[in-house]
Structure formats: structure tokens, C-alpha cells
Amino acid sequence: MDNQPSSLFDNGQFDLSKKSVALHRRMLSIILTSLTFIFTTAILIPLFMVVINVSAKGVNQLKFPDTFTQLPPPPGLTEGGFGHAIIGTLITLAIASSIAVPFGILSAIYLAEFGRGSKIAYLVKFSANVLTGVPAILCGLFAYSVVVMPMGGFSAFSGGVALAVLMLPIIVRATEEALLLVPNEMRQAAIGVGSTRFQMVISIIIPAALPAIITGVVLALARAAGEAAPLLFTAFNNNFWATDPMQPIATLPVLIYFFSIIPYKASQDLAWAAAMVLVAIVLIFSIVARLAGKQKAFYS
């Protein structure tokens, strides 16, 4: 009786079971890795196609420095550029950033540090989540009703307000996540040495989360830079050099829209060149965001 196996696992079935589980896990890992590769490739292919297509059609239309220093030509003519639209895009983004960045960061600080778990924080977070999915054209209609109509006309400022509404939820969520990643030990240490909660947030928490906050801001700028629908209702367009924020102003997305529907090849070629410049600006924003995100955190 003592020489008989005490259980079914004593006669080698336990080893067989371990090998079966290991084989199952290895096969599952291979399948999931393959699916990840396939889906990643499926996402990257459209991106590369857009970049290659726009670059192939736009690079031949760029003429340095005329493309970046001249105004667009009348329909049918070939000489001209869109320097005013580049300046207008930068002005509009600057206005949007001056509105969205302070409000977004302060809201995120309240959500992560002062109002965590409160009903107001839940309402703010829910509103930011809903605003993330709102179509861009609705943001333009909102800015049209609250800024354009009271002011009596289109302006770069109203365009900045529309883009700020688009940027705000991205900045709020990115900043909140960055602040929550800061270890609680740092908060406790700051309070332990006599810092007030405000001093702790300003001197410890924000510097620690700054790389991730910058990443969120840059990604929000990249999202706003390519939007045309909100600007059609707010900044509209201007065929001349304009820097007054209270006047209509040209932007690259709107210029691409108008020039692409004009039935003249020269204007369409200029639209392709502007599209290439806009893609380059968005890619630069994305690269800056990635580089900022790779910076070592203060607490690492």
C-alpha cells in the first residue's frame, strides 16, 4: 500500500499538466502578439499613406521662400504662397493656448489634489469626458453664438475660443493623470516638513508631473492645428496679411478647404503644398510631445 501513488499527480500526470498549461500560454502569447502586430500595422498604413501622398503632391509645389512669404494668387495664376495663413494659424493657436492651458491645468489640479472624490470633481470629470467626444463643428457653432454674434463679426479671437474648447478636455485629462502618477509619499513628505497644501502642489507636484503635462498640451495643440470646421464659423478667412486678433484671419486648414474646391489646378496645387506644411506642423507637435514624455520625471 505504501508503494502506490497517493494521487493521480504522482504518476507523471502533474508534469504533463504543467507542460500543457505552458504550451497553452505560449500559443496564446503568440496569437495575441500576432494580432497586436496586425492591428498596429493596420493603424500605421493609413498614416504612412497620408504622409506619402501629401508629401508627393505637395513637395513639388513648395517654392522657397515665395511659398512662405507671399500672399495667395488670384484664381488661375501660379505665383504666390500662403505665408499669411501660417501666421494666422500660429496666432489662433496662441490665443487658444492662452485660454485652454490655464483653465485646463487649474481644473486638473482641483480634480487631482483638492476636490478628489467630491461631487463637483465628478461633474467636472464627466463634463470633460463628454466634451472629448463632441464634434469639432459643434465647438465652432458654440463659439459663433457666444463670441462671433455678440462681437458682430469673425475674428481670430473667436477662432481661438473654438479651438480652446477642443483643447480643454485633452489638457484636463492628461494633466490629471500626470498629477495622479506622482507618489503620495512626496505629498506626505512635503506636508511633514511644514508645507501648506498649496505650497506642496506648486513646489513639488507640478514640477514632478511637468513632462507629462507638456505632452498633453502639445497633443492638444496638434489636435487643434488641423481643425477647419470650427474656424469656418469663427475666424473665417482673409486673403491679406492680418495680425489683428479682432479681425478675420487666414489659417492653413481653411485655406486648404477653399483652395481645394476651386476649379483651377494652380490653386489646388497650392492647397497640396499647404496640406504638406500642415502635416509637418502636426508631426512636429507630435514629436515634441513624445520627446517631452520621455524626459525623466522629477521623482524618478
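The shown structure was predicted, so the numbers you read here are calculated from the model rather than taken from an experiment. (Residues numbered from 1 in each chain as written. Predicted model: local features only at pLDDT ≥ 70, side-chain atom pairs only at ≥ 80, totals over all residues. Heavy atoms only, no water.)

### Side note on the overall build of the protein
Phase 1: Scanning the protein from N- to C-terminus turns up 11 helices and zero strands.
Phase 2: Listed by position from the N terminus, the elements making up the protein come as α-α-α-α-α-α-α-α-α-α-α.
Phase 3: Taken over the C-alpha trace, the protein has a radius of gyration of 27 Å; the compact-globule value for 300 residues is 19 Å, which it surpasses by more than 25%.
Phase 4: Considered along the principal axes of its C-alpha atoms, the protein spans approximately 105 × 55 × 35 Å.
Phase 5: Put simply, the protein has 300 residues, and 36% of those count as buried.
Phase 6: Counted over contacts in the protein with a minimum sequence separation of 6, partners at least 24 positions apart contribute 73%.
Phase 7: Element-wise, carbon and sulfur atoms account for 70% of the exposed surface of the protein, whose accessible area totals about 17,400 Å².
Phase 8: Charged side chains of the protein number 17 positive and 12 negative; the gap between the two group centres comes to 2 Å. (Helix = DSSP H or I, 4+ residues; strand = E, 2+ residues; numbered from the N terminus. Rg over C-alpha atoms; globule rule 2.2 N^0.38 Å. Buried < 20%, exposed > 50% of the residue type's maximum accessible area, 1.4 Å probe, protein only. Contact = heavy atoms within 4.5 Å. Areas by Shrake-Rupley, 256 points an atom, 1.4 Å probe, with all protein chains shown as cover. Lys, Arg positive; Asp, Glu negative; His and termini not counted. Charge placed at Lys NZ, Arg CZ, Asp CG, Glu CD.)

### Some thoughts on unusual backbone geometry
The phi torsion of most residues other than glycine is negative, and most of the peptide bonds are trans.
Phase 1: Omega for the peptide link from phenylalanine 64 to proline 65 comes to -5°, which places this bond in the cis form.
Phase 2: Along the polypeptide, proline 65 turns up in the loop between α1 (13-58) and α2 (66-69).
Phase 3: Within the chain, phenylalanine 236 stands out as a residue other than glycine whose phi angle is a positive 60°.
Phase 4: Position of phenylalanine 236 relative to the elements: it lies in the loop between α9 (229-232) and α10 (252-260).

### Some points on the UniProt feature "transmembrane region" (unreviewed entry) in the protein
Phase 1: Summarizing the sequence annotation, UniProt attributes the feature "transmembrane region" (unreviewed entry) to residues 27-52, 82-111, 123-147, 153-172, 201-225, 245-264 and 271-292 in the numbering used throughout.
Phase 2: Between the end C-alpha atoms of residues 27-52 the distance is 37 Å, and the span holds 100% helix and 0% strand.
Phase 3: Along residues 123-147 one finds 88% helix and 0% strand; the C-alpha atoms at either end are 25 Å apart. (UniProt positions renumbered as here; feature names shortened; annotations may be inferred.)

### Details of the environment of alanine 112
Phase 1: Within the secondary structure, alanine 112 is located in helix α3 (residues 83-114).
Phase 2: The exposure class of alanine 112 is buried, given its relative accessible area of 1%.
Phase 3: Through-space distance from the C-alpha of alanine 112 to that of isoleucine 261 is 47 Å; in sequence the pair is 149 residues apart.
Phase 4: With residues up to four places along the chain from it excluded, the contact list for alanine 112 reads Glu176, Leu179 and Leu180.

### Things to note about the side chain of threonine 92
Phase 1: Position of threonine 92 among the secondary structure elements: in helix α3.
Phase 2: Separated by 2.8 Å, the side chain of threonine 92 and the backbone oxygen of glycine 88 make a polar contact.
Phase 3: Threonine 92 has contacts with Ala156, Gly159, Gly160, Leu163, Leu231, Ile249 and Thr251, leaving out every residue within four places of it along the chain. (Polar contact = N/O pair within 3.5 Å; in protein donor to acceptor, adjacent residues only side chain to side chain.)

### As for the pattern of salt bridges
Phase 1: As enumerated under the stated definition, the model contains six salt bridges in all.
Phase 2: As a salt-bridge pair, glutamate 227 and arginine 223 come within 3.1 Å of each other at their nearest N and O atoms.
Phase 3: Ionic pairing is found between lysine 265 and aspartate 269, a salt bridge with its closest N-O pair at 2.9 Å. Here the residue lysine 265 and the residue aspartate 269 both occupy positions in helix α11 (residues 265-294), the gap between them amounting to four residues, near one helical turn.
Phase 4: Among the residues examined, aspartate 269 registers a relative accessible area of 17% and is labelled buried.
Phase 5: Look at the salt bridges and you will find they share partners, linking Lys125, Arg173, Glu176 and Glu177 into a network. (Salt bridge = Lys/Arg side-chain N within 4 Å of Asp/Glu carboxyl O.)

### Quick word on the packing of helix α5 (residues 136-151) against helix α6 (residues 156-180)
Phase 1: Running from N to C, α5 and α6 point in directions that differ by 145°, and their axes come no closer than 8 Å. Note on packing geometry: the crossing formed by α5 with α6 is right-handed. Every residue of α6 that contacts α5 at Ala136, Cys139, Gly140, Phe142, Ala143, Val147, Val148 and Met151 is listed here: Phe157, Ser158, Val161, Ala162, Val165 and Leu166.
Phase 2: When its residues are assigned to classes, the contact of α5 with α6 shows 12 nonpolar, two polar and no charged. (Axes fitted to C-alpha atoms, helices over the stretch in contact; angles between N-to-C directions. Left-handed = near helix turned anticlockwise from the far one by under 90°. Nonpolar A, V, L, I, M, F, W, Y, C, P; charged D, E, K, R; others polar.)

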